[in-house]
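Listed below, chain by chain, are the residues.
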Amino acid sequence: MPQLIESKGGTGLFVAYVAKTILLYQFKDYEGAIASAALAAEQAGSAFGFMQVAVLNFYHSLALLAHYPQVNDTEKQQYLNTGNANQENMKHWAYHAPLNYQHKYDLVEAEKARILKQTSSAMELYDISIQRARQQGYIQEGALANELAAEFYFSLGREKLAQFYLTEAYYTFIRWGATAKSKDLEAKYSDFFSRLLVRETISIERNLTTTSTTGTGSAALDLAAIVKASIAI
């Protein structure tokens, strides 16, 4: 970063600040993510036409909505205004390239519905975003949508639903290869993942016991190895 700043490498700085925005948001430093997004925006003129422009729009909106409860009323209105402006651009991109952008638009709308206490709309929009992200192969954004849905349901006290989405998020982050993120979820929800590990271990042992007497032990061992590897990551 110091070298990029010294050389005034606008494109490199833009990409680096976008990456930093994503990282800070994923690990819940929303204020830092908003600050990093502002630095990226200063360099956006050097990245005209880059897909990262839309990615920045997406994570900037999510960071604003996540940090919304922590600011005063004036800032809340500013956050909503900025988020709405971002969404106007995202809506335009989603119209022309829905496979890339519609699920992003939907997830921001879900988060906006969450903070505005529009519960039924938020429920529907989380599921729509998850489904569309999965259909288009956006593993990382499907994982994120599941995580945000889990947090939403935990806030409503709907534990079983929240745990379902949390499990989906966890295994989808593992599929993406996001080891640090999956470990972060394990630490944040340690009681739940401890119980999940016990259930998975019991299930594996039962499968091994059953298949050892049916002649299909090889396939079961392969499945057991996959599950154990997923849990161990």
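Structural notes, computed from the coordinates. (Residues numbered from 1 in each chain as written. Predicted model: local features only at pLDDT ≥ 70, side-chain atom pairs only at ≥ 80, totals over all residues. Heavy atoms only, no water.)

1. Some remarks on empty space enclosed by the protein
Phase 1: Applying the stated criterion across every chain, the model contains 1 cavity of 30 Å³ or more.
Phase 2: The space that makes up the largest cavity amounts to roughly 60 Å³.
Phase 3: As for the largest cavity, its lining consists of Ser61, Leu64, Leu65, Tyr79, Leu80, Gly83, Asn84, Gln87, Val108, Glu109 and Lys112.
Phase 4: Sort the elements by how many residues they give to the lining of the largest cavity and helix α5 (residues 73-96) lands first, with 5 residues.
Phase 5: Its residues assigned to classes, the lining of the largest cavity comprises 5 nonpolar, 4 polar and 2 charged. (1 Å grid on protein atoms, 1.4 Å probe; cavity = no way out; pocket = protein on both sides within 12 Å on 5 of 7 lines; lining within 4 Å. Points joined across faces, edges and corners; volume = space filled by probe spheres on them. Helix = DSSP H or I, 4+ residues; strand = E, 2+ residues; numbered from the N terminus. Nonpolar A, V, L, I, M, F, W, Y, C, P; charged D, E, K, R; others polar.)

2. Some words on the packing of aromatic side chains
Phase 1: Counted according to the given criterion, the structure contains 13 aromatic pairs.
Phase 2: On the numbers, 5.5 Å between centres and 50 degrees between planes, the contact of Tyr25 with Tyr30 is tilted. Judged on exposure class, the residue Tyr25 and its partner Tyr30 are both buried.
Phase 3: Ring centres of Tyr25 and Tyr59 lie 5.7 Å apart, and the angle between their planes is 70 degrees; on these two criteria the pair is classed as edge-to-face. In this pair, Tyr25 is assigned in helix α2 (residues 10-26) and Tyr59 in helix α4 (residues 52-67), connecting sequence segments 34 residues apart. Note on accessibility: Tyr25 and Tyr59 belong to one class, buried.
Phase 4: Above the face of the Phe27 ring, Lys181 is positioned so that its terminal group lies 5.7 Å from the ring centre. (Phe/Tyr/Trp six-rings, centres within 6.5 Å; stacked < 30°, edge-to-face > 60°. Buried < 20%, exposed > 50% of the residue type's maximum accessible area, 1.4 Å probe, protein only. Lys NZ or Arg CZ within 6 Å of the ring centre and 35° of its normal.)

3. What to know about the packing of helix α7 (residues 119-135) against helix α8 (residues 139-155)
A packed helix pair is summarised by two numbers, namely the angle formed by the two axes and the spacing between the axes.
Phase 1: Contact geometry for α7 and α8: axes closest at 8 Å, N-to-C directions at 160 degrees. The orientation of α7 with respect to α8, classified from their angle, is roughly antiparallel. Like other packed secondary-structure pairs, α7 and α8 cross with a definite hand, here left-handed. Of α8, the residues touching α7 (which contributes Thr119, Ala122, Met123, Tyr126, Ser129, Ile130 and Ala133) are Glu141, Gly142, Ala145, Asn146, Leu148, Ala149, Phe152 and Tyr153.
Phase 2: In terms of residue class, the contact of α7 with α8 is made up of 10 nonpolar, 4 polar and 1 charged. (Axes fitted to C-alpha atoms, helices over the stretch in contact; angles between N-to-C directions. Parallel < 35°, antiparallel > 145°, perpendicular 65-115°, else oblique. Left-handed = near helix turned anticlockwise from the far one by under 90°. Contact = heavy atoms within 4.5 Å.)

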